[in-house]
Amino acid sequence: MDEHSHQGLRGGAYPVPGGPAPLPDGDRVPVPVRSRRTLLRRRRFAYGVAVAVCVLVLLVVGVSR
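Here goes a summary of the coordinates provided. (Residues numbered from 1 in each chain as written. Predicted model: local features only at pLDDT ≥ 70, side-chain atom pairs only at ≥ 80, totals over all residues. Heavy atoms only, no water.)

The next point concerns the overall build of the protein chain. Scanning the protein chain for helices and strands turns up 1 helix and 0 strands. With 65 residues in all, the protein chain has 0% of them scored as buried. Total accessible area on the protein chain is roughly 7,400 Å²; 62% of this is exposed by carbon and sulfur atoms. (Helix = DSSP H or I, 4+ residues; strand = E, 2+ residues; numbered from the N terminus. Buried < 20%, exposed > 50% of the residue type's maximum accessible area, 1.4 Å probe, protein only. Areas by Shrake-Rupley, 256 points an atom, 1.4 Å probe, with all protein chains shown as cover.)

Right, dumping it as structure tokens:
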């Protein structure tokens, strides 16, 4: 990474209407904490997809006989 000499203060940043909220100063970006409810919904969805695939396979095997 190239180092540049300090050239004084830059112009201020202005918020864009309808844009994202400004980030706080610092080296970390705030990330929302995932709730257990979201994880349970994903697991439920995965089980539903697995059951649907099994039913579809059994249906195709049954029709092909």
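Before going further, it helps to spend a moment on a nonpolar patch on the surface. A cluster of nonpolar side chains, namely Phe45, Val49, Val53, Val57 and Val61, defines an oily patch on the protein surface of about 450 Å² accessible area. By the element assignment, Val57 lies in helix H1 (residues 36–64). (Patch = residues over 30% accessible without salt bridge, like charges linked within 9 Å, V, L, I, M, F, W, Y side chains within 5 Å. Salt bridge = Lys/Arg side-chain N within 4 Å of Asp/Glu carboxyl O.)

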